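Geometric and topological summary
This is what each chain is made of:
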Amino acid sequence: MAATFFGEVVKAPCRACSEDDEEEEEEERRRETPEDREVRRQLARKREVRLLRRQTKTSLEVSLLEKYPCSRFIIAIGNNAVAFLSSFVMNSGVWEEVGCAKLWNEWCRTTDALHMSPTEAYCVFYHLKSNPSVFLCQCSCYVAEDQQYQWLEKVFGSCPKKNMQVTVLTCRHVTDYKTSESPGSLPSPFLRALKTQNFKDPACCSLLEQPNIVHDLPAAVLSYCQVWQLPAILYLCYTDMMKLDLLTAEAFEPVLSSRSLKGLAKNIPQSTEILKKLMAANEVHSNIYT
């Protein structure tokens, strides 16, 4: 998915596979034994995305946002975005967990334990007790390409409501940023925004320039919102520190003035101190010599 100079979502050109590739795949399918097919089926079942309530470990029968009405949906993807929302938003109100995503892939094993450590991968959904139509997703796990559509269907459903605004926060390494400037001259970390055509509010930072693209689950969410004509914006923090980092997490602070997050962060100085304590706790947890 690419950005135009106006910041809307457009389709990135794809590389079509050749007829030879298709013939090879067909030949491989013909050579498959019943045992191969069974292994493939078991692997597909293992890679299914499930939404469940951790307290009861029961699966949600309908998509999350079909079960609960939603006016604002804020999604943090990656450790720094999760740390930012945890410190500035979740500590400023009472949030109730409404579900979690359980998934398995080559990079991720989510946990369904009620008490998780900072190093564990998880994807948990909450709503605000004082305003239950405000939803928040904390996703520190990797959602593989073949699991992204499942994730979208389990969360948004097959026909999402139009009166919902979606905000996504995530990070990429600064070396992914395409620019004519020298990489060393870039003031890392910095924010860029990419929005759908139906998003009419002003962005809290500069829009993402061509020929930059976004990747993985953030791109899938924004594409989904574009197709269903939902107002959505992605705030992308480019940083040279992909591990949990104070400056990178703080780079999202301008987003607090947006309509989606306005009023959710009550005490900025206190939240900053909470973020610093979270970083310090993570340093201790990550230290193999303690």
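Residues numbered from 1 in each chain as written. Predicted model: local features only at pLDDT ≥ 70, side-chain atom pairs only at ≥ 80, totals over all residues. Heavy atoms only, no water.

This next bit is on the overall build of the protein. Scanning the protein for helices and strands turns up eight helices and 13 strands. In the protein, of all internal contacts separated by at least 6 residues, the share reaching a separation of at least 24 is 78%. As presented, the protein carries roughly 15600 Å² of accessible surface, and 53% of it is formed by carbon and sulfur atoms. (Helix = DSSP H or I, 4+ residues; strand = E, 2+ residues; numbered from the N terminus. Contact = heavy atoms within 4.5 Å. Areas by Shrake-Rupley, 256 points an atom, 1.4 Å probe, with all protein chains shown as cover.)

All right, on to the packing of aromatic side chains then. Each aromatic ring pair is described using two quantities: the centre-to-centre distance and the angle formed by the ring planes. This model, assessed by the stated rule, comprises 10 aromatic pairs. With centroids separated by 5.6 Å and ring planes inclined at 65°, the aromatic side chains of F73 and F156 adopt a geometry described as edge-to-face. Note that F73 is positioned in strand 5 (residues 72-77) and F156 in helix 5 (residues 145-156), a separation of 83 residues in sequence. The burial state of F73 is the same as that of F156; both residues are buried. Considering the side-chain rings of Y224 and W228, the 6.3 Å spacing of their centres and the 45° angle between planes classify their relative orientation as tilted. Owing to a relative accessible area of 25%, W228 belongs among the partly exposed residues under this scheme. By the ring-pair criterion, three or more aromatic residues cluster together here, those being F73, F156, Y224 and W228. (Phe/Tyr/Trp six-rings, centres within 6.5 Å; stacked < 30°, edge-to-face > 60°. Buried < 20%, exposed > 50% of the residue type's maximum accessible area, 1.4 Å probe, protein only.)

What follows covers the state of the cysteines. The full count for this structure, using the stated rule, is zero disulfides. Summary of cysteine pairing: C100 is not part of a disulfide, and the nearest cysteine sulfur, belonging to C123, is at 8.1 Å. You can see C137 has no disulfide; the closest cysteine sulfur is in C123, sitting 3.8 Å from it. (Disulfide = S-S within 2.5 Å.)

Attention shifts here to the confidence of the model for the protein. Counting all residues, the mean pLDDT for the protein is 81, and 77% of those residues have values of 70 or more. Per-element confidence in the protein ranges from a low mean pLDDT of 49 for strand 1 (residues 2-3) to a high of 96 for strand 5. (pLDDT = per-residue confidence, 0-100.)

Tracing the backbone shows S260 in the loop between helix 7 (246-250) and helix 8 (268-286). On the basis of relative accessibility, which here comes to 3%, the residue S260 falls in the buried class. Other than its neighbours up to four places away in sequence, S260 contacts R72, I74, Q165 and T167.

With that out of the way, let us pick up the environment of E250. Relative to the elements of secondary structure, E250 occurs in helix 7. As a C-alpha pair, E250 and A83 span 167 residues in sequence and 9.4 Å in three-dimensional space.

Before going further, it helps to spend a moment on helix 5. Working note: α-helix, 3.6 residues per turn, so residues spaced by three or four point in the same direction. Helix length check: helix 5 (12 residues) gives 17 Å between terminal C-alpha atoms against 16 Å at 1.5 Å per residue, within 8%. Inspection of helix 5 places Q147, Q148, W151, L152, V155 and F156 among the buried residues, and these make up the whole buried set. When helix 5 is viewed along its axis, its buried side chains cluster within an angular range of 145° and face the same direction. Trailing helix 5 by a residue or two, G157 shows a phi angle of about 90°, which is positive. (Expected span 1.5 Å × (residues − 1). Arc of directions from axis to C-beta.)

Bringing the pairing of strand 10 (residues 131-139) into the picture now. Within a regular beta strand, the side chains point alternately toward one face of the sheet and then the other, so they alternate between its two faces. Of all the nine residues making up strand 10, seven are buried; the element is thus mostly covered by neighbouring parts of the structure. As judged from the six bridges shared by strand 5 and strand 10, these two strands associate in the parallel manner. Along strand 10, the bridge assignment pairs I74 with L136. Bridging between strand 9 (residues 123-128) and strand 10 involves six bridges; their strand directions are antiparallel. Bridge pairing in strand 10 places H127 opposite F135. Where strand 9 hands over to strand 10, the hairpin turn is made up of two residues, counted between the paired strands. (Pairing = 2+ DSSP bridges.)

On to the nonpolar core. Ranked by internal contacts, the top residues of the largest apolar core, which has 47 residues, are F73, I75, F125, W151, F156, V166 and V221. With seven residues, the top contributor of residues to this core is helix 6 (residues 216-227). Listed in part, the 38 residues of the second largest apolar core include L52, A81, L128 and A251. (Core = buried A, V, L, I, M, F, W, Y, C linked by side-chain atoms within 4.5 Å.)

The next thing to look at is unusual backbone geometry. P189 follows S188 through a cis peptide bond whose omega is 0°. Here P189 lies in the loop between strand 11 (165-173) and strand 12 (190-195). Located in the positive-phi region is D216, a residue other than glycine, with phi close to 60°. Mapped onto the fold, D216 is located in helix 6. Non-glycine residue Q229 carries a positive phi angle of around 60°. Within the fold, Q229 resides in the loop between helix 6 and strand 13 (232-239).

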